[in-house]
Amino acid sequence: ESFQTLSQIISSPRTAIPPSLLQKATAIVIIPNMLKASFLVGARYGKGVLMVRGGDGRWGNPVFVVLSGGSFGLQMGLQSTDLVLVCRRGTMLDEKTRRNVILGADASIMAGTLGIQIDENAAADLGTEIYSFSRTAGLTAGFSLQGTQLRLDDASTAELYGKRSVRARDVLAGRIDTVSTEVLRFRDGFNRITGSSP
């Protein structure tokens, strides 16, 4: 689902991610079918994949992430969103603590199509590091990531790699030697559609 979501968002004229941004990206998060339900109090939840580029310029192996958050106000509706976050600087990881928080509730995220069309080259100088690209269907108007946290999903990542002791940070650090055919297939496809060298 994550691979299909990224392919569709990259290829769609309305949400296309500029190749120059993909070439400079240091991390990419793909969240297919993120759900948001609200009636005064709102909640959102989604599960997807994080890819991080290593120091050698190559993309590493995927790990699972969970996105969750809430909101309060005059709101009502049900919404499904395919979401891609492209990080231009850093890796989104919180290296100062052992918590698995990737993006805190106070993270600054700019709408990708709008921000890049305004001035892609100046964006980094303004301190914006993360761009969002999304496709939304549902009854709720608008889209926002305020009050949202993105966390590494160790349990699902361990299941993917077939080892209970595996943690997402181990994968991101390149400490996993053997990977499944599913991981290889996803990574090869990811490199192909992002225009990256395998």
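Residues numbered from 1 in each chain as written. Predicted model: local features only at pLDDT ≥ 70, side-chain atom pairs only at ≥ 80, totals over all residues. Heavy atoms only, no water.

1. Side note on the overall build of the chain
- Each helix and strand counted, the chain has 6 helices and 6 strands in total.
- Overall, the chain shows an N-to-C arrangement of helices and strands of α-α-β-β-β-β-α-β-β-α-α-α.
- Here the chain holds 198 residues, and 45% of them are scored as buried.
- The contacts in the chain between residues at least 6 apart in sequence include a share of 72% that link residues at least 24 apart.
- Surface summary for the chain: the accessible area is close to 10,600 Å², and the carbon and sulfur share equals 53%. (Helix = DSSP H or I, 4+ residues; strand = E, 2+ residues; numbered from the N terminus. Buried < 20%, exposed > 50% of the residue type's maximum accessible area, 1.4 Å probe, protein only. Contact = heavy atoms within 4.5 Å. Areas by Shrake-Rupley, 256 points an atom, 1.4 Å probe, with all protein chains shown as cover.)

2. Observations regarding unusual backbone geometry
- In this model, Asn-33 sits at a positive phi of 55°, which is unusual for a non-glycine residue.
- Residue position: Asn-33 is located in strand E1 (residues 27–52).

3. Structural notes on the packing of aromatic side chains
- Applying the stated criterion across every chain yields a total of 3 aromatic pairs.
- A centroid spacing of 6.4 Å and a plane angle of 70° characterise the contact between Phe-3 and Phe-186, whose relative ring orientation is edge-to-face. Here Phe-3 is found in helix H1 (residues 2–11), whereas its partner Phe-186 is found in helix H6 (residues 181–194), with 183 residues between them in sequence.
- Among the aromatic residues, ring-to-ring pairing joins Phe-3, Trp-59, Phe-186 and Phe-190 into one connected group.
- Positioned above the aromatic ring of Phe-64, the side-chain terminus of Lys-47 is 5.6 Å from the ring centre. (Phe/Tyr/Trp six-rings, centres within 6.5 Å; stacked < 30°, edge-to-face > 60°. Lys NZ or Arg CZ within 6 Å of the ring centre and 35° of its normal.)

4. Things to note about helix H4 (residues 154–161)
- If you check which residues of H4 are buried, you get Asp-154, Ser-156, Thr-157, Ala-158 and Tyr-161.
- With a side-chain oxygen positioned 3.4 Å from the backbone nitrogen of Ala-155, the residue opening H4 is Asp-153.
- Phi for Gly-162, located one or two positions after H4, is positive at around 70°. (Polar contact = N/O pair within 3.5 Å; in protein donor to acceptor, adjacent residues only side chain to side chain.)

5. Structural notes on H1
- Every buried residue belonging to H1 is among Ser-2, Thr-5, Leu-6, Ile-9 and Ile-10, and all of these are buried. Looking straight down H1, one finds that the buried residues subtend no more than 125° of arc, so they occupy a single side. (Arc of directions from axis to C-beta.)

6. Things to note about the environment of Val-29
- Among the structural elements, Val-29 can be located in strand E1.
- Judged by relative accessible area, Val-29 falls into the buried class, the value being 1%.
- For the pair Val-29 and Leu-150, spaced 121 residues apart in sequence, the C-alpha separation works out to 9.5 Å.

7. Observations regarding the confidence of the model for the chain
- Per-residue pLDDT for the chain has a mean of 75; in total, 66% of the residues score no lower than 70.
- H4 holds the highest mean pLDDT among the elements of the chain, 93, whereas helix H3 (residues 112–123) holds the lowest, 40.
- A low-confidence stretch, residues 113–128 (pLDDT under 50), is modelled with 24 contacts involving residues beyond four sequence positions or located in other chains. (pLDDT = per-residue confidence, 0-100.)

8. Describing the nonpolar core
- Core analysis: the biggest nonpolar cluster contains 21 residues, and Val-29, Ile-31, Leu-50, Val-65 and Leu-150 have the highest contact counts within it.
- At the level of elements, E1, strand E2 (63–87), strand E6 (148–152) and helix H5 (168–172) are the ones that each hand at least two residues to this core.
- Counting residues in each nonpolar core, the second largest holds 18 residues, with Ile-9, Ile-10, Leu-22 and Val-84 among its members. (Core = buried A, V, L, I, M, F, W, Y, C linked by side-chain atoms within 4.5 Å.)

9. Digging into the environment of Ser-165
- Among the secondary structure elements, Ser-165 is positioned in the loop between H4 and H5.
- Separated by 11 residues in sequence, Ser-165 and Asp-154 place their C-alpha atoms 9.2 Å apart.

10. Observations regarding the pattern of salt bridges
- Using the criterion set out here, one finds 3 salt bridges in the structure.
- The closest approach of N and O atoms between Lys-47 and Asp-153, which form a salt bridge, is 3.4 Å. Placement of the pair is Lys-47 in strand E1 and Asp-153 in the loop between E6 and H4, with a sequence separation of 106 residues.
- Judged by relative accessible area, which is 35%, Lys-47 ranks as partly exposed.
- Note that Asp-82 is salt-bridged to Arg-135, the shortest N-O span being 2.8 Å. (Salt bridge = Lys/Arg side-chain N within 4 Å of Asp/Glu carboxyl O.)

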